[in-house]
Amino acid sequence: MTLTSASTNPAAPNVAIVQPSRLTLTLRYFRRNKGLAIGLGILLALALFTIIGLLVIDPKKAYPLSAALKQSPSLKYPFGTDFFGRDLLAAMVVGMWQTAFIGLLAGGIGTALGVVLGFLAAYFGGWVDGVIRTICQILTPIPVLLIQVVVAGSLDKRDVTIVTMAMIVAMLAWMGPTLVIRAQVLTLKERQFVAVAKLSGVSDMGIIFKEILPNLLPFIAAAFVGQVFGAVFASFYLAVLGLGPLREPLLGNIIWAAQSQGAFFNGWWWWPLEPAFAMILILGALALVNMGLDELANPRVRRTE
Amino acid sequence: MNIRIVARRLLFFVLVVWAASTIVFFIPRLSPRNAIRERFGELARTGGFSPADVEKLIASMQQQFGLDKPLLEQYWQYLGNILRMDFGYSLSRYPMTVTDVIAQSLPWTIGLLLVTTVISFVLGTILGAVAAWPKAPGWLRSTATPFILLTGVPPVIMGILLLFFIGFRLKWLPLGGAYSVGIVPTWSWSFFIDLMEHQILPALSLILGSVGGWVLSMRGMGITIQGEDYVNFAEHKGLTGRRIFRDYYLRNALLPQVTGLALALGTVVTSAVVVEGLFGLPGIGTALNLAIRANDFPVIYGIVLFITIAIALLMTLLEFVYPLLDPRIRAN
Amino acid sequence: MVSLVMNSAASAKSAAPSASQPVLRVNNLEVTYYTDLGRAKALDAVSFSLKAGQKLGMVGESGSGKSTLALAMMRMIKPPGRIEGGQVIVGDTDLMSLTDEGMRAARLDKIAYIPQGAMNSLNPVMRIGAQMIDAVRSHVRGERGSAIEDRCTAALRSVDLDPGVFRMYAHELSGGMKQRVCIAIGILLRPSVIIADEPTSALDVVTQRQVMETINRVQAEINAAVILIGHDMGLMAQAVDQVAVMYAGRLVEMSSVREMFTDPKHPYSQALISSLPNLDTKGVFRGIPGLAPSLLRLPSGCAFHPRCPHGHEELQRSVRPEPVTLPGGRMVACHLYNEDGHRHG
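Per chain, the residues get numbers from 1 upward, laid out in the order the sequence is written. Labels follow written order: the first chain is A, the first ligand is 1, and so on. With pLDDT at 70 or above as the cut-off, local features in this predicted model cover only qualifying residues; side-chain atom pairs require 80 or more to be listed or tallied, and sums for whole chains, interfaces and linings still use all residues.

**Observations regarding the overall build of chain A**
Then, number 1: Helices and strands together make up the secondary structure of chain A, namely 11 helices and zero strands.
Then, number 2: Listing every helix and strand of chain A by position from the N terminus yields α-α-α-α-α-α-α-α-α-α-α.
Then, number 3: Whether a residue is buried, exposed or partly exposed follows from its count of other C-beta atoms within 10 Å of its own C-beta, namely 20 or more, 12 or fewer, or something in between, respectively; the C-beta atoms are built from the backbone. Here chain A, with 305 residues, has 43% of them falling under the buried criterion.
Then, number 4: We call two residues in contact if the C-beta atoms placed from their backbones are at most 7 Å apart. Here the contacts in chain A between residues at least 6 apart in sequence split such that 69% fall between residues at least 24 apart. The secondary structure listing takes helices from DSSP runs of H or I that are at least 4 residues long and strands from runs of E that are at least 2 residues long, numbered from the N terminus.

The following block contains the structure:
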């Protein structure tokens, strides 16, 4: 008896239904996973706003005494100015850039730390795993923001810069990714292809970089987006509490300054409102992308149609 | 539940408190800043002390706080103090102790936290469960959507939006503070009304800012539970939708949701702290805010430690709730 | 190779028309799944009928539509799948014409389903008893609490379980016990049709046999028509009296067990039977050549033709074979046969 099958039999005409192209499938997927599409769209718009703003506007205007004081939005100052004489349009552009910078830097460091520690724990197991896991478990219930308050509060306010801010945030944000990556490496380790590689004498490093890492990329990407969200959120809270780099027009700082000066009591409504809206767009977009990625990675979370 | 599990959970609680205390002890000591010197430096500039007086004062203060002893000895003494809930003296409100400061502001925070957390958890859980339930009427399912859209808006920002629209534009509710300026706190009906009016916006910020999170986690869980064989079989058994919803779907989805509540306590409390600061309610948040502005380090550290211990305690207590919800946990 | 030509000796007698009406009649049942990649017809004009007390085994490769058929009969097809048409008549009610509430009431009462994944089919946070009582209460109004409990413990007894199981939780039971509980629930209301979807797939061999015996016994007890879905031909041969073979969403052959095992008609059934290990082949395993087709792009004409030793003619490639009833009452859908049981010219 000959071994023929439907897909290889040349004598089966009219069988082929054209497989839709990748682009069509992506678009169809976006139509169902609207959150991901909208989130990515908003992020793109914000990036354009920041990049064009940085090219067109003088960043110096984002600092005190560079503009008239307490002007409500007008043609000259589309976003108004604040109590300290900052042009809020410029402040938004610079603040957005700084927020993105902190988010990406802290998110990147946190994810990198998490990937390395998660790998070490899962791949080598034993006491390494025990120590890393216990530390994660003990640190998890401690509210990270409060520890960040202690760290930031112990620093001289003149020393706090955008980079220190990112470091403070990243320092305590690696537990989540560590546990996620650890769990994933543990399941990958049990898979056949790793065992085969090991038997055929591939070194530890070879297995890590050639076999396991590529399979982890989706999870690392998801952890990274989550980390960026967490970092933006944490740095924002710190700044709202007055623990940010006070001179910088970081979005949280602007809100802290506005609230300290009683902006609403004095009628300067635009001052706290603008950074609040900017923050909504950033966090909302990141949340949408994060949920969208979850849906992509775990189709069971898909909305029933 | 057997003794070993109880003992393990209690040990975990102790470990968490120890870790938090240790972090709070060592981080400030790694920093080049000297809290007392800074504080008295400020006093010297404003109060006209001579530098020599200040040095003497600092030395005596350091002795009083035990800062002249070796680090390890300080550490042991500090751990002992924490066991007695003694966090030292406030620098800016001396001779009040940190414990006094916390005790004074705690009732406000507990009141706000309890009310908002219960409302948002219950509301979010129900809305999320309904949103994931395909047989629920469309209008009911879509009730959850606005809350989901609000997920990206943290409570503080929700507070600013509410302040702008309801406080500033519509002038329906006050812009901040615990009660109106010029009113003397008395046990009267009108004072109570005034007090409540000042609580509505902060409470609303916290509720609106956190319901979405509960909706999302419950919806996600609900979709998973719906795919479970026992929900399918319940439908094959010809049970009414209402019964499947309540006994098969909701009860099983609730377990992870309560775990989620335990894990989210840190975020819930910190959100409340920041929102309190924003509205200037006299709770822990405002105490922390003032302490940060005044460089009152003992109060900052004391509040941080206190909140951490409270959260760890609550999490441990919640762990004892699981067995009531799940017979499988009860069994082992 | 089994002879494809009907032996004409058997053709004279037609099946004796039964005295009793069939208790289950499925007519032209159709289910389609609407996916991103296109439409998949998971069930294509499936028709058959069963009498009370008859046991039908439904076999086929995975993806052939066995489980879809079970779900469609219960009207439990979930989006993106849809029941496109057909009738499922139990007694004298067409389930497809019932309202949603009417269908809910019919489940378990007229037609019961014993699930495939019995391991997880019981609610982990409710006692077994509570899960039996709520099933009864959803269908029977005004029965006293003690009467319901008696009914439940009787059902537990008839599947060989200790009535003490009533007060236990699912995690306290073994896999076989859980499957028995599911069977006990299935017979609570003495339905006239029971569908068991691979009821033994997750069990060890000894427990499989016990569960099959239990199904047999309770079926005899309540005289229900049983549809047993599975791919284990060996287990099937001992448990059922009729066998139906599905391929790519269609019923390709249905006959008595004996006829199926001694003289399968459809080339696919022949391949299935000859792939069974027996004493003659001495453990040499012969698979069925080729791959099961994807429902998204079924071969034209007869869906089996690319794998069929007779499939290379124009007829097979362009025309879909319609089911024919052969003399003797057995059914086959294949171009090799016509109403007389003879091979087409």
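**Concerning the overall build of chain C**
Then, number 1: A tally of regular secondary structure across chain C gives 10 helices and 12 strands.
Then, number 2: Each of the 345 residues in chain C was classed as buried or not, and the buried ones make up 45%.
Then, number 3: Restricting the contact set of chain C to residue pairs at least 6 apart, pairs at least 24 apart contribute 63%.

**Details of the interface of chain A and chain B**
Then, number 1: With 37 residues of chain A at the interface, the matching set in chain B holds 46 residues.
Then, number 2: Residue assignment for the side of chain A that touches chain B shows that the elements contributing at least two residues are helix H4 (126-139), helix H5 (144-154), helix H9 (204-240), helix H10 (251-260) and helix H11 (270-297) of chain A.
Then, number 3: Following the grouping adopted for this structure description, the nonpolar residues are Ala, Val, Leu, Ile, Met, Phe, Trp, Tyr, Cys and Pro, the charged ones are Asp, Glu, Lys and Arg, and the polar ones are all others, Gly among them. Considering only residue class, the side of chain A that touches chain B consists of 29 nonpolar, six polar and two charged.

**Re the domain arrangement of chain C**
All names here are of chain C.
Then, number 1: With domains assigned, chain C is organised as domain 1 (3-247) and domain 2 (258-332).
Then, number 2: What marks off one domain from the next here is an automatic or database domain assignment. The straight-line distance from the C-alpha centre of domain 1 to that of domain 2 is 26 Å.
Then, number 3: In this assembly, 18 residues from domain 1 lie in contact with 15 residues from domain 2.
Then, number 4: When residues of the side of domain 1 that touches domain 2 are traced back to their parent elements, those giving at least two are strand S2 (38-50), helix H7 (233-239) and strand S9 (242-247).
Then, number 5: For the side of domain 1 that touches domain 2, the element with the most residues is S2, which contributes four residues.

**Details of the nonpolar core**
Then, number 1: Only buried residues count toward a nonpolar core: Ala, Val, Leu, Ile, Met, Phe, Trp, Tyr and Cys, linked into one set through C-beta atoms within 7 Å. In this structure, Ile300(B) and Leu188(C) are the most contacted members of the largest nonpolar core, which totals 264 residues.
Then, number 2: Examining the composition of this core, we find that 17 residues originate from one element, H9(A), more than from any other.
Then, number 3: Here this core spans two domains, since at least three of its residues come from each of domain 1 (3-247) and domain 2 (258-332) of chain C.
Then, number 4: When neighbours within four sequence positions are excluded, Leu188(C) is seen to be in contact with Leu108(C), Met132(C), Ala135(C), Val136(C), Arg151(C), Cys152(C) and Ala155(C).

**A short note on the confidence of the model for chain A**
Residues and elements named next belong to chain A.
Then, number 1: Summing up the model confidence of chain A, the mean pLDDT is 78 and the portion of residues at 70 or higher is 88%.
Then, number 2: Scored from 0 to 100, pLDDT records how confident the predictor is in each individual residue. The least confident element of chain A is helix H8 (residues 192-199), whose mean pLDDT is 74; the most confident is helix H3 (residues 88-124), at 87.
Then, number 3: Long-range and interchain partners of residues 1-16, a stretch whose pLDDT sits below 50, account for 31 contacts in this model, where long-range means more than four residues apart.
Then, number 4: This model gives residues 300-305 a pLDDT under 50, and the stretch forms 13 contacts once residues within four places in sequence are excluded.

**Structural notes on the sheet that holds strand S7 (residues 193-197) of chain C**
Residues and elements named next belong to chain C.
Then, number 1: Only strands joined by at least two bridges in the DSSP assignment are considered to pair. Reading across from one edge, S6-S7-S8-S3-S9-S10-S12-S11 is the order of the eight strands in this open sheet, with mixed pairing throughout. Of all strands in the sheet, those bounded by a partner on one side alone are strand S6 (111-114) and strand S11 (324-325).
Then, number 2: Note: S7 against strand S8 (residues 225-229), five bridges, orientation parallel. The residue bridging Ile194 from the neighbouring strand is Val226, located in S8.
Then, number 3: Here helix H1 (residues 66-73) sits on the sheet and contacts strand S3 (55-59), S6, S7, S8 and S9; the angle it forms with S7, its principal contact strand, is near 145°. Axes here refer to lines fitted to C-alpha atoms; in helices the fit is confined to the stretch in contact. Angles between the N-to-C directions go from 0 to 180 degrees.

**Observations concerning the sheet that holds S2(C)**
Residue and element names in this part refer to chain C.
Then, number 1: Here four strands make up an open sheet; going across it, the order is S2-S1-S4-S5 and the pairing antiparallel. At either end of the open sheet lies a strand with only one pairing partner, and these are S2 and strand S5 (93-94).
Then, number 2: Where strand S1 (residues 24-35) and strand S4 (residues 81-90) come together, eight bridges link them in antiparallel fashion. In the sheet register, Thr32 faces S4, and the bridge partner there is Arg82.
Then, number 3: Sheet strands touched by H1: S1, S2 and S4. Its angle to S2, the strand with the most contacts, is close to 70°.

**Topic: the confidence of the model for chain C**
All names here are of chain C.
Then, number 1: Looking at chain C as a whole, the pLDDT averages 81, with 88% of positions reaching at least 70.
Then, number 2: Contacts from residues 1-19, a stretch scored under 50 in pLDDT, to residues over four places away or in other chains number 20 contacts.
Then, number 3: The ipTM, which scores confidence in the relative placement of chains, is 0.83 for this predicted complex, and the corresponding pTM is 0.77.

**A short note on helix H7 (residues 175-189) of chain A**
The periodicity of an α-helix, 3.6 residues per turn, causes residues three or four positions apart to be oriented the same way.
All names here are of chain A.
Then, number 1: In this model, H7 (15 residues) spans 21 Å end to end at C-alpha, consistent with the 21 Å of a helix rising 1.5 Å per residue.
Then, number 2: For H7, the complete set of buried residues consists of Met175, Pro177, Thr178, Leu179, Val180, Ile181, Arg182, Gln184 and Val185.
Then, number 3: Packing partners of the buried residues in H7 comprise H3, H4 and H9. Each helix should span, by expectation, one fewer than its residue count multiplied by 1.5 Å.

**Thoughts on the pairing of S1(C)**
Residues and elements named next belong to chain C.
Then, number 1: Note that S1 and S2 share nine bridges and pair antiparallel. What sits directly across from Thr32, in S2, is Lys41.
Then, number 2: Hairpin connection between S1 and S2: a loop of two residues separates the two successive antiparallel strands.

**Considerations on unusual backbone geometry**
All names here are of chain C.
Then, number 1: For the bond running from Pro79 to Pro80, omega is 10°, close enough to zero to count as cis.
Then, number 2: Tracing the backbone shows Pro80 in the loop between H1 and S4.
Then, number 3: In the Ramachandran plot, Asn223 falls in the positive-phi region, its phi being about 55° despite a non-glycine side chain.
Then, number 4: Assignment of secondary structure puts Asn223 in the loop between helix H6 (205-222) and S8.
Then, number 5: The partly exposed category is assigned to Asn223, around which 13 C-beta atoms lie within 10 Å.

**Topic: H8(A)**
Then, number 1: Summarising burial for H8(A): zero of the eight residues are buried, a small minority.
Then, number 2: Looking one or two residues beyond H8(A), the residue adopting positive phi is Gly201(A), at roughly 80°.

**What about the packing of H8(A) against H9(A)?**
All names here are of chain A.
Then, number 1: Where H8 contacts H9, the two axes come as close as 10 Å, and the packing angle between them is 155°. Relative to H9, the element H8 is oriented roughly antiparallel. Handedness of the H8/H9 crossing: right-handed. Along its contact with H8, which presents Phe193, Val194, Ala197 and Lys198, the element H9 presents Ile207, Glu211 and Ile212.
Then, number 2: Each residue belonging to the contact of H8 with H9 can be placed in one class, and the counts come to five nonpolar, no polar and two charged. Between 65 and 115 degrees an angle is taken as roughly perpendicular, under 35 as roughly parallel, over 145 as roughly antiparallel, and anywhere else as oblique. We call a crossing left-handed when the near helix sits turned anticlockwise from the far one by less than a right angle, and right-handed when that turn is clockwise.

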